[in-house]
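# A closer look at the structure
What follows is each chain in one-letter form.
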Amino acid sequence: MSSQTNERVGLERIGVIGGSGFEHFLEDPQPITLQTPYGPPSNPLWSGAVGGRQVIFLKRHGEGHRLSPAAINYRANIWALKELGVIRVLATAASGSLDPRIHPGDLVICDQFIDRTRGREDTYFGPGAPVAHVAAADPYCPELRRLALDCARQASWEAHDGGTVVVIQGPRFSTRAESAWFAGMGWQVINMTQYPEVILARELELCYVGLALVTDYDAGVAGRPEIEPVTAAQAVRIFRDNNQRLQEVIMGMIATAPRRGACSCGSAMDSARV
């Protein structure tokens with residue numbers, strides 16, 4: 001590992017993963033370049049301090065949004081955060097609403113996911129590694145979810161406590177038929193990056209929370225013909241319009257996150273190995 005900072009690994013740091021439209025976060029950050037057993041991360045990571053807490057920031061899609069969702073090296077990204085001493089991950093993602101009660105500009109604190117991706121490297125326990133079956137019934141950290149909800153409400157933001165995100169392969173958006181199917185299944189939001197990111201974090205026993213910033217209504221809402229299907233430009237614009245509120249929530253979470261959690265994320269692999 002080569003580093004352009006004098007910081008040492010092994011500290012209890014908080015990781016922030018920036019999704020589409022969330023590309024700047026820390027003030028006066030210091031770059032860290034490192035390799036992992038799975039190749040390079042999406043981008044050099046950035047280290048800085050927020051309220052006395054050490055933070056590592058990673059742009060999920062790389063500089064200039066150069067990586068499509070299926071091209072992201074999720075294993076390298078999460079491994080790099082772990083290598084740098086991160087124990088909690090706050091992950092943002094632009095998301096579409098599948099529920100007419102969830103509007104663009106809202107925040108959804110996800111508690112479940114549905115995987116509709118294919119061909120992604122989605123485990124650290126593949127060929128050549130020991131067999132392990134991580135429990136995924138409740139994939140998101142309950143402690144971070146509660147903290148995110150509290151901080152969002154303190155920021156007077158319309159935040160939804162729980163929601164199932166269906167993760168599609170991308171890079172294309174849904175057809176109207178797909179969107180109607182997902183909505184009919186009772187799922188709340190849709191994006192392209194939560195899987196395998198959340199499960200890889202669990203395999204490395206990191207606390208992980210998915211902050212789904214709603215930017216659109218996917219391919220439209222039933223009974224609302226005036227709502228046009230999402231475009232990439234629209235999604236990024238709405239995300240950037242809400243960047244300040246999202247940063248406020250993340251800053252609040254970093255400042256108030258307990259240093260030692262009461263959750264079981266840190267022992268997720270204890271009963272996973274055969």
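Thresholds, definitions, all that
One numbering rule holds for all chains: residues counted from 1, following each sequence as written. Local features in a predicted model are, by the rule used here, given only for residues with pLDDT of at least 70; side-chain atom pairs are given and counted only at 80 or more, and totals for whole chains, interfaces and linings are based on all residues. Each side-chain value is derived from all of the structure's non-hydrogen atoms; neither hydrogens nor water enter the calculation. We count a stretch as a helix when DSSP gives it H or I for four or more residues in a row; a strand needs E for two or more, and each element gets its number in order from the N terminus. With C-alpha atoms as the basis for the radius of gyration, the globule rule is written as 2.2 Å multiplied by the number of residues raised to the power 0.38. Categorising residues by exposure relies on relative accessible area from a 1.4 Å probe, with only protein chains included: less than 20% of the type maximum marks a residue as buried, more than 50% marks it as exposed, and the intermediate range marks it as partly exposed. Contact definition: two residues touch when any of their heavy atoms are within 4.5 Å. To obtain an axis, a line is fitted to C-alpha atoms, over the contacting stretch when the element is a helix, and the angle between two such axes runs from 0 to 180 degrees between their N-to-C directions. Between 65 and 115 degrees an angle is taken as roughly perpendicular, under 35 as roughly parallel, over 145 as roughly antiparallel, and anywhere else as oblique. Helix crossings fall into two classes, left-handed where the near helix is turned counterclockwise from the far one by less than a right angle and right-handed where it is turned clockwise. All amino acids are sorted into three groups, where Ala, Val, Leu, Ile, Met, Phe, Trp, Tyr, Cys and Pro are nonpolar, Asp, Glu, Lys and Arg are charged, and the leftover types, Gly among them, are polar. Paired rings are identified among Phe, Tyr and Trp, the last through its six-membered ring, by centres lying within 6.5 Å, and are further divided according to the angle between planes into stacked (under 30 degrees), edge-to-face (over 60) and tilted (the rest). For a helix, the expected span equals 1.5 Å multiplied by the number of residues minus one.

## Quick look at the overall build of the protein
Secondary structure assignment for the protein yields six helices and 11 strands. Its C-alpha atoms give the protein a radius of gyration of 18 Å, within 12% of the compact-globule value 19 Å for 274 residues. For the protein, the spread of C-alpha atoms along the three principal axes comes to 55 × 40 × 35 Å. In the protein, which comprises 274 residues, the proportion classed as buried is 55%. Look at the contacts in the protein between residues 6 or more apart in sequence, and 84% of them connect residues 24 or more apart.

## Looking at the packing of helix α2 (residues 142-154) against helix α6 (residues 243-256)
Packing of α2 against α6 leaves a shortest axis separation of 9 Å and a crossing angle of 125°. Of the possible angle classes, the one that applies to α2 and α6 is oblique. The handedness of the crossing between α2 and α6 is right-handed. Contact residues: α2 offers L144, L147, A148, C151 and A152, while α6 offers V249, G252, M253 and T256. By residue class, the composition of the contact of α2 with α6 is seven nonpolar, two polar and no charged.

## Considering the packing of aromatic side chains
Tallying each qualifying case throughout the model produces eight aromatic pairs. Site record: aromatic cluster; members linked through ring pairs are Y38, W79 and Y124.

## What to know about α2
Given a rise of 1.5 Å per residue, 13 residues ought to cover 18 Å, and the 18 Å separating the end C-alpha atoms of α2 matches this to within 8%. Within α2 the residues assigned to the buried category are E143, L144, R145, L147, A148, L149, C151 and A152. Of the surrounding secondary structure, the elements contacted by the buried residues of α2 are β5 (86-97), β6 (107-109), β8 (159-161), β11 (207-216) and α6. S156 occupies a position one or two residues after α2 and carries a positive phi of about 55°.

Shape is all these values report; function is a separate question.
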